[in-house]
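# Breakdown of the fold
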Amino acid sequence: MRIGIVGLGYVGLPLAVAFAEAGHDAVGYDVDRSRVDLLGGGESDIEDVGSERLAALGERFTATDDAGALSDCDAILICVPTPLAAAREPDLTYVRESAETIAGVMREGQLVVLESTTYPGTTREELLPAFERSGLKVGEGFHLAYSPERIDPGRSDHQVAETPKVVGGITAACTERAVAVYSEVCNEVVPVSSPEAAELSKLLENIFRSVNIALVNELAQLTDRLDIDIWEVIDAAATKPFGFMRFDPGPGMGGHCLPIDPFYLTFKARQHDFYTEFVELAGKINQSQPLFCVSKIQGALNDVGKAVKGARVLIIGVSYKAGVADLREAPALKIIRHLRSLGAEVSYHDPLVPRLKREGLESVDLDAAVADADAVAIVTAHPGIDWDDLIARSALLVDLRGVTRGDDHENVVRL
Ligand SMILES: NC(=O)c1ccc[n+]([C@@H]2O[C@H](COP(=O)([O-])OP(=O)(O)OC[C@H]3O[C@@H](n4cnc5c(N)ncnc54)[C@H](O)[C@@H]3O)[C@@H](O)[C@H]2O)c1
């Protein structure tokens, strides 16, 4: 088959590679010329796809900014961003642009699948009308489905093949066609009765995580007052062999998904006079967590007789999670801004993020910076950092990820 992928980011690139590695021709279309040049030259900037892996695909993977290349594809999979607009409402600009682009080059017999996370109804309301203008009938002249991407960047045990793929077509024939295409690269494909069911299943997964993370973050704020170690509590609860699923507190939720996707549902619900209170509450608690963490750093400095104003604070890890360079919605950025507004001199060390352009900061050498810092705060626990060594060399260490748990040290303050 010839598979067109629209959007070659964290989601689209691994998917294109999976199809190419399965022996199909993958045609990646992206509006970002610099990405097209980079990927076309065999270089990858997405951690899950090494450059050697990309280069090994040879002719089976091509990157282009010419949408015409999509016209002879058997299937076109849309993997473009679905952010929130300024008023925290869904911004479907990229999805609509993709729909128009595809409508301009579409030919009879093609399958189009939306993979971007969105509210239930998007595939039917936004994509279907654009494609039907061609005069072709859905389920006959072309096929249309929704299939949520569930990839977790940085996770090696569940990549495209090992992550079951949910698929919901506009018609039964659309579902059947999409199941056949994804079966080429996924060990298990899970058909559902409609695109709406598939769209909502993805939001349920993300909201489930957001609500549970909010629950442990709220508990961490409470155990701070009760002087109980939240990590000990969670470790103990997690020994229950059934009915409990572990979630860890942290400095706040980041990434392109959890802080954003739940509000796609809130928007849709409001159109039906319905208020998704769990979503709102979880969002409120998770968004307050970075500020709680700043107060934790402030309190730790206070306990050793230092004010935040003028203190040298070293942040360890600024990407939103360990092992990736993604800065989208990263809580470290909020923590840095807030510490600076209180007068702290902030520096950071992150092996994956060489600079923070907006903050005017560059990642500093770990050894020298630790020796110089009044407080070191672990915000993202990247692999490869020696935590015992950090404990030994920090004047004051604030651990917001629980990497020091189980050990009590006078210079360590934990979330
Ligand atoms: N990153 C994740 O962990 C993850 C996981 C599951 C689902 N998702 C969802 O997948 C979708 C894509 O996310 P991502 O992280 O891959 O985004 P990304 O920003 O990494 O990549 C998106 C790519 O789409 C390109 N693009 C934008 N408009 C385009 C257009 N009109 N035509 C062609 N290309 C266009 C951009 O240039 C960019 O390269 C989002 O809906 C997201 O919510 C993301």
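For the structure itself, consult the block above.
Predicted, not measured: the structure shown is a model, and the values here were computed from it.

### Let's talk about empty space enclosed by the protein
Gaps left between atoms show up when a probe the size of a water molecule is rolled over them. Inspection of every chain in the model, using the stated rule, returns one cavity of 30 Å³ or more. For the largest cavity, the calculated volume is near 60 Å³. The wall of the largest cavity is formed by Leu-15, Pro-148, Glu-149, Arg-150, Val-160, Thr-163, Pro-164, Lys-165 and Cys-186.

### Quick word on the packing of helix α7 (residues 195-226) against helix α10 (residues 277-303)
Geometry of a packed helix pair, given as the angle between the helix axes and the separation of the axes. At a closest axis distance of 8 Å, the pairing of α7 and α10 adopts a crossing angle of 40°. Taken together, the axes of α7 and α10 lie oblique to each other. Viewed along their axes, α7 and α10 form a crossing whose handedness is left-handed. Side by side, α7 and α10 meet where Ile-207, Ser-210, Val-211, Ile-213, Ala-214, Asn-217, Glu-218, Ala-220, Gln-221 and Asp-224 of the first sit next to Phe-278, Val-279, Ala-282, Ile-285, Asn-286, Ser-288, Gln-289, Phe-292 and Lys-296 of the second. Within the contact of α7 with α10, the residues separate by chemical class into ten nonpolar, six polar and three charged.

### Some thoughts on the site of the ligand
Residues in close proximity to the ligand total 27 residues, the closest being Tyr-10, Val-11, Asp-30, Thr-82 and Thr-117. Within the side chain of Arg-35, a nitrogen or oxygen atom sits 3.5 Å from an oxygen atom of the ligand. In this structure, Arg-328 approaches the ligand through a side-chain N or O atom, which is 3.1 Å from an oxygen atom. For the shell around the ligand, the leading source of residues is helix α4 (residues 93-105), giving three residues.

### Examining the side chain of Arg-35
Its place among the elements puts Arg-35 in helix α2 (residues 33-40). Judged by relative accessible area, which is 15%, Arg-35 ranks as buried. Within the local environment of Arg-35, its side chain forms a polar contact with the backbone oxygen of Leu-8, the two atoms lying 2.8 Å apart. Those residues in contact with Arg-35 that lie beyond four places of it in its chain are Leu-8, Gly-9, Asp-30, Asp-45 and Ile-46.

The rules behind these values
Residues numbered from 1 in each chain as written. Predicted model: local features only at pLDDT ≥ 70, side-chain atom pairs only at ≥ 80, totals over all residues. Heavy atoms only, no water. 1 Å grid on protein atoms, 1.4 Å probe; cavity = no way out; pocket = protein on both sides within 12 Å on 5 of 7 lines; lining within 4 Å. Points joined across faces, edges and corners; volume = space filled by probe spheres on them. Axes fitted to C-alpha atoms, helices over the stretch in contact; angles between N-to-C directions. Helix = DSSP H or I, 4+ residues; strand = E, 2+ residues; numbered from the N terminus. Parallel < 35°, antiparallel > 145°, perpendicular 65-115°, else oblique. Left-handed = near helix turned anticlockwise from the far one by under 90°. Contact = heavy atoms within 4.5 Å. Nonpolar A, V, L, I, M, F, W, Y, C, P; charged D, E, K, R; others polar. Near = heavy atom within 4 Å. Polar contact = N/O pair within 3.5 Å; in protein donor to acceptor, adjacent residues only side chain to side chain. Buried < 20%, exposed > 50% of the residue type's maximum accessible area, 1.4 Å probe, protein only.

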